[in-house]
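As a plain string of letters, each chain reads:
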Amino acid sequence: MDEPHHAGTPPHRRETYKSTHGVHTAVEATDRRRKETVAFSTQHKELTLRSKRLKRDASLSSLGPPAISREPSRTSLGGEALSEAGPEVSIAPEDVAAEVQAAVDAIRAAKPVGSEVCLDTVRHLRQLLSNYDEPPFKEAVQAGAVPVLVAALQPPRMDATAMETIFEAAWAITNLAVGEFETVKAVLAAAPILIAYLGGGSGLPVAEQCAWALGNIAAEDFDFRQTLIANGVVRPLAALLVGAAKALDSGTADIDDPALSAGTTAAWALSNVLKGAGREVGEVMGVEGAPEAIVRLVAEAPEHLATEAAWVLAYVTASHEAHLNRMVSLGVLPPMLTRLSAAVDQMLQDEQLGRALLIPLMRSLGNIAAGGGSAAVAQLLSLEAGPALQALVTCAGSHHHGLQREACWVLSNVAGMPGRGGVDALKAAGAVPALMLLLKESPFHVRKEAAFALANICADGGGGTGNAETLNTLFGSDRDALRALLSLMRSADMDAARLGLQFTEMVLRLLDTGAEEVEAVDGIDAIEAVQYGAAPPELQRMAAALVDKYYGADNES
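Residues numbered from 1 in each chain as written. Predicted model: local features only at pLDDT ≥ 70, side-chain atom pairs only at ≥ 80, totals over all residues. Heavy atoms only, no water.

Description of the overall build of the chain
Across its full length, the chain carries 31 helices and zero strands. For the chain, the residues scored as buried account for 58% of the 557 residues in total. Looking at the chain alone, contacts between residues at least 24 apart form 75% of all its contacts between residues at least 6 apart. For the chain, the accessible area works out to roughly 21500 Å², and carbon and sulfur atoms hold 54% of it. (Helix = DSSP H or I, 4+ residues; strand = E, 2+ residues; numbered from the N terminus. Buried < 20%, exposed > 50% of the residue type's maximum accessible area, 1.4 Å probe, protein only. Contact = heavy atoms within 4.5 Å. Areas by Shrake-Rupley, 256 points an atom, 1.4 Å probe, with all protein chains shown as cover.)

Right, here's the structure in full:
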């Protein structure tokens, strides 16, 4: 299962005002940005639900345990129902294990592999794994389903029936890979064969079904992902994205085009494979046409395909700066900004529309703002970026805490870009009032990100040490806001505590009445909570230095 430490990793953002703790190295910054991309993608419930996907059988009407047909539903590779008339026999829940065992035994006895009789037996087992509310995954593994399904993936000859047998076996494995850790571990044995079919030689439907199975395996565990990577899964998945982009470029592909469908599933699987990855992103970038395909799909593909491609982009931009800046050089930013604005407009019409695409677009945009070079900065500060920045402010003002947090994270990175251009752009977009409201009224995980954005604004952007006028305007007369930000020093989250302490230093240094203002909102107690609490020694020393400098004996009247 995925490593729990990912969810707690602090986000990467540009360092702003002077800190006694030094800036992060490029390697550390890249690692933090990569891990935060993983953290965001695993924390949100809707994104957790996208990690694994069970494939149901639309030709069977019952999804509950009382009834399933013993007569195989003939669903072809093209998806059309080929059910033959015949009596349906209900299977009682207590008989499911025996039925699964019988189905596995039938596959084992059906010879040769790839024959009509073999196809029917594999399909029947696949049905049993597709149409229960709680499919019998454990029972199937215990009955020996994995070896017989792996065998069914390897018919001695290749014809239409054999290819359909492969499709059905891959479908069954896909659903087994939705199961718990031990079930997925057993299914991992099928990975090399599934990867071999990604090339499309047995047809795009087979390639897509194998990609689906591999995506489910990758979603389960880091070590499983490493096994898939070692077996060469990255390049053929990326090649399916290239195929989808070519189909899109042809101008004749509709939403049901097999290449677009395979590209959608491959992009989803690839994003699962790249979760927590490092050098593997370089494999994606090394596939001829893959970087260009990602740009094309994010720019022009139907929303479901664009969403999955945007998740691949999120992991690419979370890796090495060279990969990030190559995507910028290929022109990914303008279509990203356009689609982000359009997705927010959709969301305003219907809260459910556009949100799935928004999350990976914001993640990618935040990564680019944090690690992009001069070309990225110039584009993010252009007039054309204004509507997208306003769209981020709209997300920050939404009622969805996940969107609020994502939007604030992006805004904080824009504010932290070199110079004060990002700060001016956020002010022009109306970000400051929305951030101040979130600072005072939102849950901790949103308030923390809003605080980072406001701290970067008050610091006067990347490399700044603080702007007394901005600080006084925002916090000089708003003690509720100052109290909310300084209260971060009491947090067990050391990233938040550090921010609170550094912001307190800026207030004390820049405001003429800073010492009085900090004391009025119980800031001294908060500083001492860091000084005498469980904070790291460096923070304790910084807290002690602030108390001595601004509240020591030399400052007593």
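Things to note about the packing of aromatic side chains
Counted by the stated rule, this structure contains four aromatic pairs. Ring geometry for Phe 167 against Trp 171: centres 5.9 Å apart, planes inclined by 75 degrees, an arrangement best described as edge-to-face. Within this pair, Phe 167 and its partner Trp 171 are both found in helix α7 (residues 160–176), separated by four residues, close to a single helical turn. Here the two residues Phe 167 and Trp 171 agree in accessibility, since each one is buried. Lying across the ring of Trp 171, Arg 126 places its NZ or CZ 3.7 Å from the centre. (Phe/Tyr/Trp six-rings, centres within 6.5 Å; stacked < 30°, edge-to-face > 60°. Lys NZ or Arg CZ within 6 Å of the ring centre and 35° of its normal.)

Quick notes on the packing of helix α15 (residues 290–300) against helix α18 (residues 333–349)
Two elements in contact, α15 and α18, have axes whose closest approach is 8 Å; the angle formed by their N-to-C orientations is 25 degrees. Taken as axis vectors, α15 and α18 run roughly parallel relative to one another. The way α15 lies across α18 gives a crossing that is left-handed. Facing α15, whose interface residues are Leu 297, Val 298, Ala 299 and Glu 300, α18 presents Pro 335, Met 336 and Arg 339. The class makeup of the residues in the contact of α15 with α18 is five nonpolar, no polar and two charged. (Axes fitted to C-alpha atoms, helices over the stretch in contact; angles between N-to-C directions. Parallel < 35°, antiparallel > 145°, perpendicular 65-115°, else oblique. Left-handed = near helix turned anticlockwise from the far one by under 90°. Nonpolar A, V, L, I, M, F, W, Y, C, P; charged D, E, K, R; others polar.)

A closer look at unusual backbone geometry
Here the bond from Lys 111 into Pro 112 is cis, since omega is -5 degrees, no more than 30 degrees from zero. Residue position: Pro 112 is located in the loop between α3 (96–109) and α4 (116–128).

A word on the packing of helix α16 (residues 303–317) against helix α19 (residues 355–371)
Two quantities define a packed helix pair, namely the angle between the axes and the distance from one axis to the other. In contact at an axis separation of 8 Å, α16 and α19 are set at 25 degrees when each is read in the N-to-C sense. Overall, the two elements α16 and α19 adopt an arrangement that is roughly parallel. Crossing handedness for the pair α16 and α19: left-handed. Where α16 abuts α19, its residues Glu 303, Ala 306, Thr 307, Ala 310, Trp 311, Leu 313, Ala 314 and Thr 317 lie against Ala 356, Leu 357, Ile 359, Pro 360, Leu 361, Arg 363, Ser 364, Asn 367 and Ile 368. Residue classes in the contact of α16 with α19 are distributed as eleven nonpolar, four polar and two charged.

Remarks on the environment of Val 287
Relative to the helices and strands, Val 287 resides in the loop between α14 (280–286) and α15. With 45 residues separating them in the primary sequence, Val 287 and Val 242 have C-alpha atoms 8.8 Å apart. If we ignore the near neighbours within four places in the chain, the residues touching Val 287 are Arg 235, Ala 238, Ala 239 and Val 242.

Concerning the environment of Ala 526
Inspection of the secondary structure assignment puts Ala 526 in helix α30 (residues 523–532). In this structure Ala 526 comes out as buried when scored by relative accessible area, which is 1%. In this structure the C-alpha to C-alpha distance between Ala 526 and Ser 487, which are 39 residues apart in sequence, comes to 6.6 Å. Setting aside residues no more than four positions away along its own chain, Ala 526 makes contact with Leu 486, Met 489 and Arg 490.

Things to note about the pattern of salt bridges
A side chain of one charge can pair with a side chain of the opposite charge when the charged atoms of the two come close. Counted under the stated rule, the structure contains 20 salt bridges. A salt bridge links Glu 168 to Arg 123; the nearest nitrogen and oxygen atoms lie 3.1 Å apart. Highlighted residues: Glu 168 in helix α7 and Arg 123 in helix α4, separated in sequence by 45 residues. Comparing Glu 168 with Arg 123, the two get one shared label, buried. Note that Asp 460 is salt-bridged to Arg 420, the shortest N-O span being 2.4 Å. Separated by 40 residues along the polypeptide, Asp 460 in the loop between α25 (444–458) and α26 (468–475) and Arg 420 in the loop between α22 (401–415) and α23 (421–428) bring together distant segments of the chain. Bridged by salt links that share partners, the residues Asp 120, Arg 123, Arg 126, Glu 164 and Glu 168 form one connected network. (Salt bridge = Lys/Arg side-chain N within 4 Å of Asp/Glu carboxyl O.)

Considering helix α21 (residues 386–396)
Within α21, the full set of buried residues consists of Ala 388, Leu 389, Ala 391, Leu 392, Val 393, Cys 395 and Ala 396. Its buried side turned inward, α21 meets α18, α19, α20 (374–380), α22, α23 and α24 (431–441).

What to know about the side chain of Thr 317
Position of Thr 317 among the secondary structure elements: in helix α16. At 3.1 Å, the side chain of Thr 317 forms a polar contact with the backbone oxygen of Ala 314. (Polar contact = N/O pair within 3.5 Å; in protein donor to acceptor, adjacent residues only side chain to side chain.)

Let's talk about helix α12 (residues 234–250)
Over its 17 residues, α12 extends 25 Å from the first C-alpha to the last, a length consistent with the 24 Å expected when each residue adds 1.5 Å. All of the buried residues along α12 are Val 234, Pro 236, Leu 237, Ala 238, Leu 240, Leu 241, Val 242, Ala 244, Ala 245, Ala 247 and Leu 248. Phi for Gly 251, located one or two positions after α12, is positive at around 80 degrees. (Expected span 1.5 Å × (residues − 1).)

Points about the environment of Leu 438
One can find Leu 438 in helix α24. For Leu 438, a relative accessible area of 7% translates into the label buried. Each C-alpha atom of the pair Leu 438 and Gly 397 lies 8.1 Å from the other, and the pair is 41 residues apart in sequence. Residues in contact with Leu 438, not counting those within four places in the same chain, are Ala 396, Gln 404, Cys 408, Val 446, Arg 447 and Ala 450.

Overview of the confidence of the model for the chain
Confidence in the prediction of the chain, expressed as mean pLDDT, is 85, and 83% of residues score 70 or more. Scored below 50 in pLDDT, residues 37–50 shows 34 contacts in the model against residues more than four places distant or in partner chains. This stretch, residues 60–75, has a pLDDT under 50; its non-local contacts, to residues over four places away or in other chains, come to 63 contacts. (pLDDT = per-residue confidence, 0-100.)

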